[in-house]
Amino acid sequence: MTPTAITIITLSIIMGTILTMSSSNWLMAWIGLELNMLAILPIISKPKTTRASEATIKYFLTQAIASAMMLLSSTTNAWQTGNWDILELKNKFSTTIMALSLMMKMGAAPVHFWLPEVLQGTTLQTALLITTWQKLAPVTLMYMISNNIQPALLMSAGVLSMVVGGLGGINQTQLRKTMAYSSINNLGWTIMIMALSPNLAIMNITIYIIMTTPVFLMMKNTSMKTLQNLTTTWTTSTATTLSIALLMLSTSGLPPFTGFMPKMLALNELITQKLTTLATLAIMTSLISLLFYLRVAYLIMMLTPPMTIPASTKWRNQNQKSQPMAVMIPTALFITHLIPAIPF
């Protein structure tokens, strides 16, 4: 891929997301999402493999269906109300269809099936892009219409995403699929709390992006793709191994790491709204997801004794610059003390 093509694709992805996030009209938001989606297709299909082609087709079809649902929803609402404004989505049918289309674009349950397969067929850089940047525009649109969506729909989808993300990640040996189910699980928390405190939902997805970005970057630097690869990094990259284990524990929501704070605030909001049963259910589903996070950390830190193997591994001779990691990893682990100062 030529530098000119890379520049055009990168600018299209950025401009598409910015256009959607800054729009007040459904048509402009739809155009931004389409621009974003069409620009990322060449990136997904860049590896000339059957898996990459399959992932590209799956991503295109699901995003196209979600875009068609968005057009149906906004057109029906405009027909009923005569208004294309995003904040004026008043029709109940339109609101439900729009919420489902945005969940499909994000990869949240019950329309999550494409996400693990697409991530498994792409490179780690593309997987990072899909699980972070590509979620910004749909989450922003859901934030803007959150007051009009039925709370029962958001809470049901959120709990279902947490259950699917937890159960789906347990038996995975591929790290990209594990991270996909981790994304689904964290989206569940975001969608569930969106019904009660949209600002808290935005904070939750922001912290998830901060935590998952260094994980993908370290996986890329060390060419990790499976759990077996994790057990071979101890002697060649001890700091990376330890950092990935701590970041997994942070993503699971264990204190005193960063991931604990948004979950605690979400549970506090649920209990304040007298939704104790839902809070208990959220805690139980988080324990399910904790199982596979702990499994990864256990494989990294407990099962592999220090060894000196004379065989050269595929990343041993690479000279990686780690200056960005020196900033990103502490931020992802220990930003907790700043969160109480953030207004909600």
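Residues numbered from 1 in each chain as written. Predicted model: local features only at pLDDT ≥ 70, side-chain atom pairs only at ≥ 80, totals over all residues. Heavy atoms only, no water.

1. Some details on the overall build of the protein chain
Then comes step 1: Of regular secondary structure, the protein chain possesses 15 helices and zero strands.
Then comes step 2: Looking at the protein chain as a whole, 53% of its 344 residues qualify as buried.
Then comes step 3: Within the protein chain, contacts between residues at least 6 apart in sequence are counted, and of these 76% link residues at least 24 apart.
Then comes step 4: Surface accessibility of the protein chain: about 15200 Å² in total, with carbon and sulfur atoms responsible for 68%. (Helix = DSSP H or I, 4+ residues; strand = E, 2+ residues; numbered from the N terminus. Buried < 20%, exposed > 50% of the residue type's maximum accessible area, 1.4 Å probe, protein only. Contact = heavy atoms within 4.5 Å. Areas by Shrake-Rupley, 256 points an atom, 1.4 Å probe, with all protein chains shown as cover.)

2. So, the nonpolar core
Then comes step 1: Ranked by size, the top nonpolar core spans 93 residues in total, and within it Met 142 and Met 192 carry the most contacts.
Then comes step 2: At 12 residues, helix 10 (residues 198–221) tops the list of elements feeding residues into this core.
Then comes step 3: Every residue in contact with Met 142, bar those within four places of it in the chain, is listed here: Ala 99, Leu 102, Met 103, Met 106, Ile 149, Leu 154, Ile 191 and Met 194. (Core = buried A, V, L, I, M, F, W, Y, C linked by side-chain atoms within 4.5 Å.)

3. Considering the packing of helix 10 against helix 12 (residues 238–252)
The angle between the axes and the distance between the axes are what describe a pair of packed helices.
Then comes step 1: Interhelical geometry of helix 10 versus helix 12 gives an angle of 150° and a closest axis separation of 10 Å. Between helix 10 and helix 12, the crossing angle belongs to the class labelled roughly antiparallel. Between helix 10 and helix 12 lies a crossing whose hand is left-handed. Residue-level inspection shows Tyr 208, Met 211, Pro 214, Val 215 and Met 218 of helix 10 in contact with helix 12, the latter providing Thr 240, Ser 243, Ile 244, Leu 247, Met 248, Ser 250 and Thr 251.
Then comes step 2: A per-class count over the contact of helix 10 with helix 12 returns eight nonpolar, four polar and no charged. (Axes fitted to C-alpha atoms, helices over the stretch in contact; angles between N-to-C directions. Parallel < 35°, antiparallel > 145°, perpendicular 65-115°, else oblique. Left-handed = near helix turned anticlockwise from the far one by under 90°. Nonpolar A, V, L, I, M, F, W, Y, C, P; charged D, E, K, R; others polar.)

4. Notes on the pattern of salt bridges
Then comes step 1: The tally for this structure, following the rule as stated, stands at three salt bridges.
Then comes step 2: Residue Lys 58 pairs with Glu 54 through a salt bridge whose shortest N-O separation is 2.8 Å. Placement of both Lys 58 and Glu 54 in helix 3 (residues 50–81) is noted, with a separation of four residues, approximately one turn of the helix.
Then comes step 3: Given the relative accessible area of 38%, Glu 54 is considered partly exposed.
Then comes step 4: Residue Lys 177 is joined to Glu 117 by a salt bridge in which the shortest nitrogen-to-oxygen separation is 3.4 Å. Here Lys 177 is found in helix 9 (residues 175–194), whereas its partner Glu 117 is found in helix 5 (residues 114–120), with 60 residues between them in sequence.
Then comes step 5: By relative accessible area, which is 32% here, Glu 117 ends up partly exposed. (Salt bridge = Lys/Arg side-chain N within 4 Å of Asp/Glu carboxyl O.)

5. Points about unusual backbone geometry
Then comes step 1: With omega at 5°, the peptide bond leading from Ala 109 into Pro 110 counts as cis.
Then comes step 2: Of note, Pro 110 is situated in the loop between helix 4 (92–106) and helix 5.
Then comes step 3: One non-glycine residue, Ser 223, lies in positive phi territory at about 55°.
Then comes step 4: One can find Ser 223 in the loop between helix 10 and helix 11 (227–230).
Then comes step 5: Phi at Lys 274 is positive, roughly 65°, even though this residue is not glycine.
Then comes step 6: Tracing the chain through its elements places Lys 274 in the loop between helix 13 (260–272) and helix 14 (276–301).
Then comes step 7: On the basis of relative accessible area, Lys 274 is assigned to the exposed category, the value being 71%.

6. Looking at the UniProt feature "transmembrane region" (unreviewed entry) in the protein chain
Then comes step 1: As annotated by UniProt and renumbered to match this structure, "transmembrane region" (unreviewed entry) occupies residues 152–170, 191–217, 237–257 and 278–303.
Then comes step 2: Counting secondary structure, residues 191–217 comes out at 89% helix and 0% strand; the distance between its end C-alpha atoms is 26 Å. (UniProt positions renumbered as here; feature names shortened; annotations may be inferred.)

7. Some thoughts on the packing of aromatic side chains
The description of an aromatic ring pair rests on the distance of the ring centres and on the angle between the ring planes.
Then comes step 1: The final tally for this structure, using the stated rule, is two aromatic pairs.
Then comes step 2: Ring geometry for Tyr 59 and Trp 114: centres 5.5 Å apart, planes at 75°, overall edge-to-face. Here Tyr 59 is found in helix 3, whereas its partner Trp 114 is found in helix 5, with 55 residues between them in sequence. Grouping residues by exposure puts Tyr 59 and Trp 114 together as buried. (Phe/Tyr/Trp six-rings, centres within 6.5 Å; stacked < 30°, edge-to-face > 60°.)

8. Considering the environment of Thr 212
Then comes step 1: Within the element layout of this structure, Thr 212 appears in helix 10.
Then comes step 2: For the pair Thr 212 and Ser 183, spaced 29 residues apart in sequence, the C-alpha to C-alpha distance is 8.8 Å.

9. A closer look at helix 4
Side chains of residues three or four places apart in an α-helix project in the same direction, reflecting 3.6 residues per turn.
Then comes step 1: Here helix 4 contains 15 residues, and its C-alpha end-to-end distance of 21 Å stays within 8% of the 21 Å for a straight helix at 1.5 Å per residue.
Then comes step 2: Burial of helix 4 is extensive: 11 of the 15 residues sit out of reach of the surface.
Then comes step 3: Those residues of helix 4 not exposed but buried are Ser 94, Thr 95, Ile 97, Met 98, Ala 99, Ser 101, Leu 102, Met 103, Met 104, Lys 105 and Met 106.
Then comes step 4: Among the structural elements, helix 2 (26–44), helix 3, helix 5, helix 7 (133–144), helix 8 (151–170) and helix 9 are those in contact with the buried residues of helix 4.
Then comes step 5: Where helix 4 begins, the capping side chain belongs to Asn 91, and its oxygen is found 3.0 Å from the backbone nitrogen of Phe 93.
Then comes step 6: Within two residues after helix 4, Gly 107 carries a phi angle of roughly 95°, on the positive side. (Expected span 1.5 Å × (residues − 1). Polar contact = N/O pair within 3.5 Å; in protein donor to acceptor, adjacent residues only side chain to side chain.)

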